[in-house]
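Residues per chain are reported as follows:
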Amino acid sequence: MEKVVKKRDESLDIAKGVLIFLVVWAHSIQFGFGYEYGESYQCLDDYVFRAICSFHMPLFMAISGYLYYYSNRKTFKEVIVSRLKSIGIPYLAYCTLNVLLMAPMMKVGGAEFILSTYKNGFWFLTSVLLNCLVVSIVTLISRKKWVVTAILLLINLGLFFVNDNYLYNTHNYMFTCFIVGYLYNLHFEKPMTFSKTSVTGGVISIIVFLASVSIFKGDLYIYSNGVYLIRNGAFSIHQLGIDMTRCAIGLVVSICFLYFVPLYKYMSERMQNLICTLGRYSIGIYCLSMIILHTIYKVMGRFDINISHNYYYPIALAIFVVTICTMSMKFCEKRKILNILFLGGR
């Protein structure tokens, strides 16, 4: 009997491709204007930055959880070895590259920078690894859907009572996003993206998107306020409201974004292939773009270069950086050792 090969879900590659460009765009806003802009966190007031940050990493993590459902059908050993190869090795490689480029530029605190880089230099990859490990351990206990669901939800609830100083606050938040994607696939086994769109649905999605982004500001940034529900020794209703609002906005805006993904079918084949390529290289683009933009940031700080805020410069910078990263990934993909180091041997 001929083996049926499951076709890759192109819509998810499209979604990841657009998302990784948005990630680089947001980082270009954060680091591209220079030290004066960056150190004063003026990016938090930039509307584009707010719009992107309201959902980009949560949706990326939800997609990771959704896809991990398929990987987790393997044995515990197989899936952990696979994740260490595809994520762990690139993590160490990019951390090393970052240290080699940045450490010489550090006047003080070089040793501390090196340690912090290897500890959490590319926190998204650390979160993916931790989330995969937790889910795999839970499914070792039981494969029954509702048992797995109950345990994961209890763990998720417990993480909101873990001090942000003990566990990097983004990890707590990202676990919520990861299990949303994983549990969705576990219970429904349906595509994350919509199959079609309509004018009415599009208008509603845009209105909901704009309304949600208008709310997302200040304390709702995960970096600003963390997730820890105990404040000043007591349970904080205020923090609970922040956490719930942040999660709700991330979910709603992600759904609005996914609603428009089917529109890629109206793009030219060349554009579809380009965006899919970005999606396939998303991890590498994320890491290398961070290194490039941090280097630009440090150089601008060293020479006291500051650029006035505007909306066209960051997107031009993002296009430039994404182009460099994509070319680098294609170069690495064709060379075995570089492929293993920077692409996880894909």
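Before any of the text, the structure's been laid out above.
Residues numbered from 1 in each chain as written. Predicted model: local features only at pLDDT ≥ 70, side-chain atom pairs only at ≥ 80, totals over all residues. Heavy atoms only, no water.

Bringing unusual backbone geometry into the picture now. For Y41, which is not glycine, the phi torsion reads 55 degrees and is therefore positive. Turning to its location among the elements, Y41 is positioned in the loop between α2 (35-39) and α3 (47-53). According to the relative accessible area criterion, Y41 is exposed, its value standing at 54%. A positive phi angle is found at D304, which is not glycine, with a value near 55 degrees. Its location among the elements puts D304 in the loop between α14 (282-302) and α15 (313-333). (Helix = DSSP H or I, 4+ residues; strand = E, 2+ residues; numbered from the N terminus. Buried < 20%, exposed > 50% of the residue type's maximum accessible area, 1.4 Å probe, protein only.)

We now examine the nonpolar core. Counting 94 residues, the largest nonpolar core has F122, F124, L152, Y182, F257 and Y286 as its most contacted members. Here this core gets 13 residues from one element, more than from any other, and that element is helix α1 (residues 10-31). When sequence neighbours within four positions are dropped, the list of residues in contact with F122 reads Y91, Y94, C95, N98, Y286, C287, M290 and I291. (Core = buried A, V, L, I, M, F, W, Y, C linked by side-chain atoms within 4.5 Å. Contact = heavy atoms within 4.5 Å.)

A few words now on the pattern of salt bridges. When the charged atoms of two side chains lie near each other, side chains of opposite charge can form a pair. One pass over the full model with this rule turns up 3 salt bridges. Close ionic contact of E189 with R73 constitutes a salt bridge, the shortest N to O distance being 3.4 Å. With E189 in the loop between α9 (169-188) and α10 (199-215) and R73 in the loop between α4 (56-71) and α5 (76-102), the pair connects residues that are 116 residues apart, well separated along the chain. Across the salt bridge formed by R246 and D243, the nearest N and O atoms sit 3.1 Å from each other. Taken together, the positions of R246 and D243, both in helix α12 (residues 237-260) and 3 residues apart, correspond to about one turn of that helix. For the pair R246 and D243, a shared accessibility class is recorded, and that class is buried. (Salt bridge = Lys/Arg side-chain N within 4 Å of Asp/Glu carboxyl O.)

Turning to empty space enclosed by the protein, a few remarks are in order. Summed over all chains, the structure comprises 1 cavity of 30 Å³ or more. Within this model, the largest cavity holds a volume of roughly 160 Å³. For the largest cavity, the lining is made up of 15 residues, of which C53, H56, Y173, I222 and Y223 are closest to its centre. Secondary-structure elements contributing two or more residues to the lining of the largest cavity are α4, α9 and α11 (222-225). When its residues are assigned to classes, the lining of the largest cavity shows 11 nonpolar, 3 polar and 1 charged. (1 Å grid on protein atoms, 1.4 Å probe; cavity = no way out; pocket = protein on both sides within 12 Å on 5 of 7 lines; lining within 4 Å. Points joined across faces, edges and corners; volume = space filled by probe spheres on them. Nonpolar A, V, L, I, M, F, W, Y, C, P; charged D, E, K, R; others polar.)

Following both chains from N to C, one finds helix α13 (residues 269-280) and α15 inclined at 70 degrees, their axes separated by 11 Å at the closest point. With respect to α15, the axis of α13 lies roughly perpendicular. Contact residues: T277, L278 and R280 in α13; V322, T326, K330 and E333 in α15. Per-class residue counts for the contact of α13 with α15 are 2 nonpolar, 2 polar and 3 charged. (Axes fitted to C-alpha atoms, helices over the stretch in contact; angles between N-to-C directions. Parallel < 35°, antiparallel > 145°, perpendicular 65-115°, else oblique.)

What follows concerns a nonpolar patch on the surface. On the surface, a nonpolar cluster with roughly 710 Å² of combined accessible area is contributed by Y47, I206, L210, F260, L263, Y266 and Y311. With respect to the element layout, F260 can be found in helix α12. (Patch = residues over 30% accessible without salt bridge, like charges linked within 9 Å, V, L, I, M, F, W, Y side chains within 5 Å. Areas by Shrake-Rupley, 256 points an atom, 1.4 Å probe, with all protein chains shown as cover.)

Another aspect to go through is α15. Here α15 is 21 residues long and its end C-alpha atoms lie 30 Å apart, about the 30 Å a rise of 1.5 Å per residue gives. Every buried residue belonging to α15 is among P314, L317, A318, V321, V322, C325, T326, M329 and C332, and all of these are buried. The arc enclosing the buried residues of α15, seen along the axis, measures out at 165 degrees, which places them on a common side. Exposed side of α15, more than 90 degrees from the buried face: F320 and M327 are the residues found there. Elements in contact with the buried residues of α15: α1, α5, α13, α14 and α16 (336-343). (Expected span 1.5 Å × (residues − 1). Arc of directions from axis to C-beta.)

So, on to α13. Residue pairs spaced three or four apart in an α-helix point in one direction, given the helix's 3.6 residues per turn. Between its first and last C-alpha atoms α13 spans 16 Å; for 12 residues at 1.5 Å apiece the expected length is 16 Å, and the two agree. Within the sequence span of α13, burial applies to Q272, I275, C276, T277, L278 and G279. Along its buried surface, α13 packs onto α1, α14 and α15.

Tracing the backbone shows F161 in the loop between α8 (145-159) and α9. Along the sequence, F161 and I242 sit 81 residues apart, while their C-alpha atoms lie 14 Å from each other. Non-local contacts of F161, meaning those with residues more than four positions away in its chain, are made with Y228, L229, I230 and F235.

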